[in-house]
Amino acid sequence: MRVLIFVITLYFVSFNPSNVLAVNSSVLEERINDLLNNSPDLQGGVSGISIRSAADGRILYQHQGDVRLRPASNMKLLTAAAALNVLGENYSFTTEVHTDDLVKKKTLLGNLYLKGKGDPTLLKSDFDQLAKDLLKQGIQKIKGQLVGDDTWYDNSRYSIDLPWSDETTYYGAQISALTAAPTPEYDTGSIEIKVTPGEKEGEKVGVVVNPKTNYVKIINKAVTTGTNGKKDITIEREHAKNSIIIEGTLPVGSKTIKEKVGIWNPTRYALTLFKQSLEEQGIKLTGKIKIGKVPETTNKLAIHHSMPLSQLMVPYMKLSNNVHAEVLVKEMGKVIHGDGSWEKGLEVLNAELKKFGLQPNNMVIRDGSGVSHVTLISANQISQLLFAVQKEKWFHSFLHSLPVSGEPEKMVGGSLRNRMKTADVKGRVKAKTGTLTTVSSLSGYVTTKSGETLIFSILLNNLLDESNGKKIEDRLISIMVNQ
């Protein structure tokens, strides 16, 4: 209810000319310039700031607003707008189960095919349901092989500028049309590792893998220390393998440590989980699992539909999910050009940005998530996007997906849940955060104390410590709110 009221208010404010004069541009300029000129953390850095009236799009303040800078995850704003425009709010991803033979006496005589079409929200429970659907059809044995088909997208697993150091992280996970997530936060292509201390000093720590699977090998070298011992646990996957090494110490009585790790070969990961689901439902697979392609002539046995894109926007934007962004890029390429690649997907994205009054020719866009250190966009371009999308029929879904300042619930506050919690700014900001090494960004909507809605984009680059950029962003928001 709170979100709905906010959206209605924003729509009214954005198109009510009587609110345009509420902000004193000269005072705003003076206060922001004073902050920029006197912040030690910005010395030697580059700042791009753009503030517009949400009512008519007029620029009320800009500081190097046309300078191209690295947006980090503010890039996701562009990807979200393009995807909603191209695919639509009700778009859903499908996962299909096929066979190339008949079922006789409860035995499937041929192969079973699992075809992925990009769903980034598949959980182990979804594979369980597909297995149950097969069981309802009387299938208790599969004589052939279990084949995974990920050809909906191309076979490029990583975006062009993904750092090698991100390969084993959940936010740098491989992109596949057939993949799986460990939890309803939908960190696709990853697995969750839970580490708990033993009961006594000297014991090995306890390790739980979620979802439970033998697809990964756990090498547990970590031990429990006394209550005054050091909490120092590292969880790392070996390159090009699914061996996860856990090292370090964890004191007796410590809270469980949870960490997600990007796995190697998400297609085979999804297949392994589906095989487990079949076995748990009592369906025996006599053949092996392999990666292949569904033949042209098959019988479709079951299908799973993802949540609509309007709902997917929430974990994507609030939790800043890199994999979702890249999936959306490839999906746009597949839908428009029949080619699920970054090249064709970004081609579609650039074409859509022109419809919002942006100038892609003045940008460098290399991925959909903003993980690239090569991508360059100006603050004025981002604020223009945020102004233009207000008129779109899907704007409610877009706005609802943005993190909300100071709201503690993870799927509401998202990446802003622990920021701007004071009474004057809590709940007044709906914006996308962004962080890379040396980069911090924040772009979105803010409601001033006078009731006006402002659109803003803050891009801070070349910082010695990007975490200090967050403090500057929060101070800039406070200046806007108190107009």
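Not measured: the values here are computed from a predicted model. (Residues numbered from 1 in each chain as written. Predicted model: local features only at pLDDT ≥ 70, side-chain atom pairs only at ≥ 80, totals over all residues. Heavy atoms only, no water.)

1. Looking at the overall build of the protein
Point 1. The number of helices and strands found in the protein is 12 helices and 21 strands.
Point 2. For 483 residues, the compact-globule estimate of 2.2 N^0.38 gives 23 Å, and the C-alpha radius of gyration of the protein, at 24 Å, lies within 12% of that figure.
Point 3. Residues classed as buried in the protein amount to 58% of the 483 residues present.
Point 4. When contacts within the protein are restricted to residue pairs at least 6 apart in sequence, long-range pairs at least 24 apart make up 71% of them. (Helix = DSSP H or I, 4+ residues; strand = E, 2+ residues; numbered from the N terminus. Rg over C-alpha atoms; globule rule 2.2 N^0.38 Å. Buried < 20%, exposed > 50% of the residue type's maximum accessible area, 1.4 Å probe, protein only. Contact = heavy atoms within 4.5 Å.)

2. Let's talk about the sheet that holds strand β10 (residues 206–210)
Adjacent strands of a sheet form backbone hydrogen bonds with each other and so pair up, either parallel or antiparallel.
Point 1. With antiparallel pairing, the three strands of this open sheet are ordered in space as β10-β9-β15. For this open sheet the edge positions go to β10 and β15 (257–262), each flanked by a neighbour on one side alone. The average angle at which neighbouring strand axes cross in this sheet is 25°, direction not considered.
Point 2. The pairing of strand β9 (residues 190–196) with β10 spans five bridges and is classified as antiparallel. Directly across from Val 195, in β10, lies its bridge partner Val 207. (Pairing = 2+ DSSP bridges. Axes fitted to C-alpha atoms, helices over the stretch in contact; angles between N-to-C directions.)

3. Side note on the nonpolar core
In globular proteins that are soluble, nonpolar side chains generally tend to be buried together.
Point 1. Judged by nonpolar contacts, the single largest core of 56 residues is most densely connected at Leu 77, Leu 78, Leu 385, Val 389, Phe 398 and Tyr 445.
Point 2. Secondary-structure elements contributing two or more residues to this core are α3 (75–87), α6 (309–318), α7 (322–337), α8 (342–355), α9 (379–388), α10 (395–400) and β21 (453–461).
Point 3. For this core, the element with the highest residue contribution is α3, accounting for 10 residues.
Point 4. Leaving out residues up to four positions away in the same chain, Leu 78 has contacts with Leu 353, Leu 358, Met 363, Ile 365, Ile 377, Ile 382 and Leu 385. (Core = buried A, V, L, I, M, F, W, Y, C linked by side-chain atoms within 4.5 Å.)

4. Things to note about the sheet that holds strand β2 (residues 59–63)
Point 1. In space, the five strands of this open sheet follow the order β2-β1-β21-β20-β19, with antiparallel pairing throughout. Across the chains shown, the open sheet's two edge strands, defined by having one partner strand only, are β2 and β19 (429–436). Within the sheet, the average angular offset between the axes of one strand and its neighbour, ignoring direction, is 5°.
Point 2. In this structure, β19 lies alongside strand β20 (residues 439–447), joined through eight bridges in antiparallel fashion. Bridge pairing links Lys 430 to Tyr 445 in β20.
Point 3. Contacting β1 (46–53) and β2, helix α2 (residues 25–37) runs over the sheet at an angle of about 20° to β2.

5. Observations concerning the packing of α3 against α6
Point 1. Direction vectors running N to C along α3 and α6 enclose 170°, while the axes themselves pass 11 Å from each other. Taken together, α3 and α6 sit at an angle that is classed as roughly antiparallel. The segment α3 lies against α6, with Lys 76, Leu 77, Thr 79, Ala 80, Ala 83, Leu 84 and Leu 87 engaging Leu 309, Met 313, Tyr 316 and Met 317.
Point 2. Counted by class, the contact of α3 with α6 contains nine nonpolar, one polar and one charged residues. (Parallel < 35°, antiparallel > 145°, perpendicular 65-115°, else oblique. Nonpolar A, V, L, I, M, F, W, Y, C, P; charged D, E, K, R; others polar.)

6. Here we look at the pattern of salt bridges
Opposite charge on two side chains permits pairing when their charged atoms draw close.
Point 1. Considering all chains together, one arrives at 19 salt bridges under this definition.
Point 2. Among the ionic pairs, Lys 355 bridges to Glu 352, the shortest N-O distance being 2.9 Å. In this pair, Lys 355 and Glu 352 both sit in helix α8, three residues apart, roughly one turn of the helix.
Point 3. Given the relative accessible area of 8%, Glu 352 is considered buried.
Point 4. Glu 392 is the salt-bridge partner of Lys 391, the closest N and O atoms lying 3.4 Å from each other.
Point 5. The exposure class of Glu 392 is buried, given its relative accessible area of 19%.
Point 6. Several salt bridges converge on common partners, so that one network encompasses Glu 185, Asp 187, Lys 260 and Lys 410. (Salt bridge = Lys/Arg side-chain N within 4 Å of Asp/Glu carboxyl O.)

7. Observations regarding α6
Point 1. When you tally the buried positions in α6, you get nine out of 10 residues, the bulk of the element.
Point 2. Where α6 is buried, its residues touch α3, α7, α10, α11 (410–413) and β19.
Point 3. One or two positions beyond α6, positive phi appears at Ser 320, with a value near 55°.

8. Overview of the packing of aromatic side chains
Point 1. Using the criterion set out here, one finds eight aromatic pairs in the structure.
Point 2. One aromatic cluster is present, built from ring pairs that chain together Phe 356, Trp 394, Phe 395, Phe 398 and Tyr 445.
Point 3. The ring centre of Trp 342 lies 4.0 Å from the NZ or CZ of Lys 330, which sits over that ring.
Point 4. The ring of Trp 152 has Lys 334 lying over it, and the distance from NZ or CZ to the ring centre is 4.7 Å. (Phe/Tyr/Trp six-rings, centres within 6.5 Å; stacked < 30°, edge-to-face > 60°. Lys NZ or Arg CZ within 6 Å of the ring centre and 35° of its normal.)

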